[in-house]
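# Understanding the architecture of this molecule
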Amino acid sequence: MLHFMEMKSSAEPMADKGVAAEQVALIGDLVGSRRQPSRTQVQSDLLSALSTANTQVPALQPAAPTIGDEFQAVYPDLSAAISAALVMRLALPEGLDCRVGIGIGEIEVVGESEYGLTQDGAAWWAAREAIVEAKVREQKFPATRSWINIAAHPGPQIRALN
């Protein structure tokens, strides 16, 4: 059964360790970053864009780089995730863009490491599938930069967004 989360005015903390909670995961990566003349400048531009999104859109887990040109974040609802994705894209300089996969489902904190929380769950799996789908569809429709996937069966509202 698909249900939509209520819009919230401010972000709430992540679920406690071992407790799964439905949230919205975002996985993103830069498009064509390896073709840029300076990876150092690209990384600086990415950090600036993520900072802009973090300032303007409440997040449960602010957008941050993970490995290479990939980044991740967690939002309280779909509206916030979509808004953050748009702000990120608009904050990047001309000639640089990103694609995002948004997944709705449960996220469970399963541990901690020196890198932060170790998370798992259907929202992350759905976000990974969504970014792969965006990349596949980008081959046929070059302007495609995002996709939304729900861990449960997507209803007509999500199909309309994609």
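Remember, predicted model here, so these are calculated numbers, not experimental data.

This next bit is on the pairing of strand β4 (residues 97-113). With respect to burial, β4 is a largely interior element, 12 of its 17 residues being buried. Pairing of β4 with strand β6 (residues 146-150), which is carried by five bridges, proceeds in the parallel orientation. The residue of β6 that forms the bridge with I104 is I150.

Counting residues in each nonpolar core, the largest one holds 29 residues, and the members touching the most others are L26, L30, F71, Y75, M88 and I102. Ranked by the residues each element gives to this core, the list is headed by helix α2 (residues 78-91), at seven residues. Here L30 is in contact with V42, L46, D69, L92, L96, D97, C98 and R99, once residues within four sequence places are set aside. In this structure, A25, V74, W124 and I131 belong to the second largest nonpolar core, which totals nine residues.

Viewed as axis vectors pointing N to C, helix α1 (residues 39-56) and α2 meet at an angle of 140°, and their least axial separation amounts to 8 Å. With respect to each other, α1 and α2 are oriented oblique. Between α1 and α2 lies a crossing of right-handed hand. Where α1 abuts α2, its residues A49, L50, T52, A53 and Q56 lie against A84, V87, M88 and A91.

Here we come to the environment of A53. Mapped onto the secondary structure, A53 falls in helix α1. Overall, the relative accessible area of 0% leaves A53 in the buried class. Measuring from C-alpha to C-alpha, the distance between A53 and L90 comes to 9.6 Å, with 37 residues separating the pair along the chain. The contacts of A53, once residues within four sequence positions are left out, are A84, V87 and M88.

Moving on: the pattern of salt bridges. A complete count under the given rule lists seven salt bridges for this structure. Between R99 and D29 there is a salt bridge; the shortest N-O distance is 3.0 Å. Here D29 lies in strand β1 (residues 20-31) and R99 lies in strand β4, a separation of 70 residues in the sequence. D29 shares its class with R99; the two are buried. Notably, a salt bridge pairs E138 with R99, separated by 2.9 Å at the nearest N-O pair. Of this pair, E138 sits in helix α3 (residues 122-140) while R99 sits in strand β4; the two residues are 39 residues apart in sequence, bridging distant segments of the chain. Residues E138 and R99 agree in their burial class; the two are buried. Salt bridges here are not isolated pairs; linked through shared partners, they connect D29, R89, D97, R99, E138 and R145.

Here is what the cut-offs are and how they apply
Residues numbered from 1 in each chain as written. Predicted model: local features only at pLDDT ≥ 70, side-chain atom pairs only at ≥ 80, totals over all residues. Heavy atoms only, no water. Buried < 20%, exposed > 50% of the residue type's maximum accessible area, 1.4 Å probe, protein only. Helix = DSSP H or I, 4+ residues; strand = E, 2+ residues; numbered from the N terminus. Pairing = 2+ DSSP bridges. Core = buried A, V, L, I, M, F, W, Y, C linked by side-chain atoms within 4.5 Å. Contact = heavy atoms within 4.5 Å. Axes fitted to C-alpha atoms, helices over the stretch in contact; angles between N-to-C directions. Parallel < 35°, antiparallel > 145°, perpendicular 65-115°, else oblique. Left-handed = near helix turned anticlockwise from the far one by under 90°. Salt bridge = Lys/Arg side-chain N within 4 Å of Asp/Glu carboxyl O.

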